[in-house]
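Spelled out from the first residue to the last, the chains are:
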Amino acid sequence: SQQGEEDPQALSIQEGENATMNCSYKTSINNLQWYRQNSGRGLVHLILIRSNEREKHSGRLRVTLDTSKKSSSLLITASRAADTASYFCAPIEDSGYSTLTFGKGTMLLVSP
Amino acid sequence: DGGITQSPKYLFRKEGQNVTLSCEQNLNHDAMYWYRQDPGQGLRLIYYSQIVNDFQKGDIAEGYSVSREKKESFPLTVTSAQKNPTAFYLCASSIFMFEVSGYIGNQPQHFGDGTRLSIL
């Protein structure tokens, strides 16, 4: 399994602003998954984007994938205080079954 | 409601003591996983199991043991050999693989709310 590296490590914005976080990885992937973790809780799956997809939407979330640059981005539009959490990406290798490996994540703080 | 239940939420261990963390799921998932999370860090895989009576070591299995006697249950024992056990432990489960229109891939994982283990 390979680890994604999220950037920035921390992001602080005001409610209503957009938040963008990025993920880079090293080898070819089957899919890439984004998760959210609220403080002291387990991770929650947000969105899965396949290697043959370039963009995917879910509510206020928009994920893009650029396999040529080995990178993905997660955009949260019109942020709310409830979006305050850590966000992790998990690139899944294109080599059969692969476990998930998580980096340190991006800690997002949305202030009222 | 379907989900994953971890217990207890907080656990304290004395020096030289083994402790067992419980993880139960009613999602009918084949695969289950144990992760460790240290403050400000990502998750590291301890053990995983793709099927009953079978499990594999993850990246940091030393000092830990697991069993998978039932599909619903995947308990983790933190042994006295684990010298730095203080951490947040997360259990997860998933469908092993999925196939949709010829696309095969890993399903997303569903997580419990964790057990926080501390040393007395």
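What you are looking at is a predicted structure, and each value in this text was computed from that prediction instead of being measured.

A.B. asks: Got a minute to help me understand the overall build of chain B in this structure?
C.D. replies: Along its length, chain B carries zero helices and 13 strands. Its helices and strands taken in sequence order, chain B reads β-β-β-β-β-β-β-β-β-β-β-β-β from the N to the C terminus. Taken over C-alpha atoms, the radius of gyration comes to 14 Å for chain B, in line with the 14 Å a tight globule of 120 residues would show. Oriented by its inertia axes, the alpha-carbon framework of chain B measures out at about 50 × 25 × 25 Å. The buried share of chain B, taken over its 120 residues, is 48%. The contacts in chain B between residues at least 6 apart in sequence include a share of 55% that link residues at least 24 apart. As presented, chain B carries roughly 5,900 Å² of accessible surface, and 48% of it is formed by carbon and sulfur atoms.

A.B. asks: Could you clarify how one ought to interpret the nonpolar core in this entry?
C.D. replies: For soluble globular proteins, nonpolar side chains are generally found buried alongside one another. Counting residues in hydrophobic clusters, the biggest one holds 21 residues, and the most contacted among them are M21, L32, W34, L74, I76, Y87 and L108 of chain A. At the level of elements, β3 (19-24), β4 (29-37), β5 (43-50), β7 (61-66), β8 (71-76), β9 (85-93) and β10 (106-111) of chain A are the ones that each hand at least two residues to this core. Setting aside anything within four residues of it in sequence, one finds M21 of chain A in contact with D7, P8, W34, S72, S73, L74, I76, Y87, T106 and L108 of chain A. Membership of the second largest hydrophobic core comes to 20 residues, among which are Y47, V66, L76 and V78 of chain B.

A.B. asks: Before we go on, may I ask you to explain the pairing of strand β4 (residues 31-37) of chain B in this structure?
C.D. replies: On any regular strand, side chains alternate: one points to one face of the sheet, the next to the other face. Residues and elements named next belong to chain B. Along β4, seven of the seven residues are buried, which leaves the element largely enclosed by surrounding structure. Where β4 lies against strand β9 (residues 87-94), seven bridges are found, and the strand directions are antiparallel. Directly across from Q37, in β9, lies its bridge partner F88. Note: β4 against strand β5 (residues 43-51), six bridges, orientation antiparallel. Bridge pairing in β5 places M32 opposite S49. Counting the residues that bridge the hairpin from β4 to β5 gives five residues, and of these G40 lies at a positive phi of roughly 70°.

A.B. asks: It is not clear to me how the pattern of salt bridges should be interpreted in this structure. Could you clarify?
C.D. replies: Side-chain pairing between opposite charges can occur once the charged atoms of the two side chains come close. This structure, assessed with the given rule, holds eight salt bridges over all chains. Put simply, R36, D38 and R44 of chain B are held in one network by salt bridges that share partners.

A.B. asks: In this structure, what is going on with the sheet that holds β5 of chain A? I would like to understand it.
C.D. replies: Sheet strands associate in pairs through backbone hydrogen bonding, adopting either a parallel or an antiparallel arrangement. Residues and elements named next belong to chain A. Taken together, the five strands give an open sheet; going across it, the order is β2-β10-β9-β4-β5, and neighbouring strands pair in mixed fashion. Taken across any chain shown, the strands that pair with only one partner, and hence form the sheet edges, are β2 (10-14) and β5. Within this sheet the neighbouring strands show an average axis-to-axis angle of 25°, counted without direction. For β4 and β5, the ladder comprises seven bridges, and the chain directions are antiparallel. In the sheet register, R36 faces β5, and the bridge partner there is V44.

A.B. asks: Is there a simple way to explain the sheet that holds β3 of chain A in this structure?
C.D. replies: All names here are of chain A. Taken in spatial order, the five strands of this open sheet run β1-β3-β8-β7-β6, and their pairing is antiparallel. Edge strands, defined here as strands with exactly one partner in the open sheet, are β1 (5-7) and β6 (55-58). Averaged over all pairs of adjacent strands, the angle between their axes in this sheet comes to 20°, without regard to strand direction. Bridge count between β7 and β8: six bridges; the pairing is antiparallel. When the bridges of β8 are listed, L65 appears paired with S72.

Definitions and cut-offs
- Residues numbered from 1 in each chain as written.
- Chains lettered and ligands numbered in written order.
- Predicted model: local features only at pLDDT ≥ 70, side-chain atom pairs only at ≥ 80, totals over all residues.
- Heavy atoms only, no water.
- Helix = DSSP H or I, 4+ residues; strand = E, 2+ residues; numbered from the N terminus.
- Rg over C-alpha atoms; globule rule 2.2 N^0.38 Å.
- Buried < 20%, exposed > 50% of the residue type's maximum accessible area, 1.4 Å probe, protein only.
- Contact = heavy atoms within 4.5 Å.
- Areas by Shrake-Rupley, 256 points an atom, 1.4 Å probe, with all protein chains shown as cover.
- Core = buried A, V, L, I, M, F, W, Y, C linked by side-chain atoms within 4.5 Å.
- Pairing = 2+ DSSP bridges.
- Salt bridge = Lys/Arg side-chain N within 4 Å of Asp/Glu carboxyl O.
- Axes fitted to C-alpha atoms, helices over the stretch in contact; angles between N-to-C directions.

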